[in-house]
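Breakdown of the fold
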Amino acid sequence: MYNLIDSHDTPRISYQCSGDARQVKLAYLLMLTFTGSPSIYYGSEVGMAGAPGQNRQCMPWDSADWDIELQQFVRKLIHLRKKHPSFRQLDITWLQVDGMENYLLYQKEAEEESLYVALNASDCDIAINLPEELQNHQVLDLLEDTPLLLNRNAMLPAYGCFLCLKNH
């Protein structure tokens, strides 16, 4: 259960996503909330690109060449994974998977908390119907670190995500 999105044997994730940092963030969100041990190939967390055969270049140590927003997003996900046991749970409950609109919503549970992850893998904003257990409940928006009162729907921007925690 070793999870990676790129490596020395594959094109870098930034190349696979045509340099679109929003798509790269979704890939990291999936990897860091999924079952198993995540592995980050050096430099990909700062947006390093690399086509097939060009993915083993040296790490750019000058932070002026980094995508700092991407790096902060990955750091935040790593911190959340360490802090919240629901991130590390094996079982995933698929709540919604829509191949036509390209979004998914899943849940992972630990003793005292439930993690909800929604991803919009399309280039259009979408509204998703939330499951009943989230409707009209207060959750913690993990990406903003703020309480959030949910309604019946959630808006997901193009290549956007929703990451929240509900305490039992």
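Figured I'd write up the structure that's included with this text. In this text, all values refer to a predicted model and were calculated from it rather than measured experimentally.

Considerations on the pairing of strand 5 (residues 113-120)
The element strand 5 is largely enclosed, with a buried count of 8 among its 8 residues. Across 7 bridges, strand 4 (residues 103-109) lies against strand 5 in antiparallel orientation. Directly across from Lys 108, in strand 5, lies its bridge partner Leu 115. Pairing geometry for strand 5 and strand 10 (residues 161-167), over 7 bridges, is antiparallel. Paired with Ala 118 across the bridge in strand 10 is Phe 162.

Structural notes on the pattern of salt bridges
Tallied over the full model, the rule gives 3 salt bridges. Where Arg 56 meets Asp 9, a salt bridge forms, and the shortest distance between an N and an O atom there is 3.4 Å. Here Asp 9 lies in the loop between strand 1 (2-4) and helix 1 (13-16) and Arg 56 lies in the loop between strand 2 (37-39) and helix 3 (68-83), a separation of 47 residues in the sequence. You'll find Arg 56 and Asp 9 in the same group, each marked exposed. Lys 25 is paired through a salt bridge with Glu 69; the nearest N and O atoms lie 2.7 Å apart. With Lys 25 in helix 2 (residues 21-33) and Glu 69 in helix 3, this pair connects stretches of sequence that are 44 residues apart. Accessibility expressed as a relative area gives 53% for Glu 69, which makes it exposed.

Reading guide: rules and limits
Residues numbered from 1 in each chain as written. Predicted model: local features only at pLDDT ≥ 70, side-chain atom pairs only at ≥ 80, totals over all residues. Heavy atoms only, no water. Buried < 20%, exposed > 50% of the residue type's maximum accessible area, 1.4 Å probe, protein only. Helix = DSSP H or I, 4+ residues; strand = E, 2+ residues; numbered from the N terminus. Pairing = 2+ DSSP bridges. Salt bridge = Lys/Arg side-chain N within 4 Å of Asp/Glu carboxyl O.

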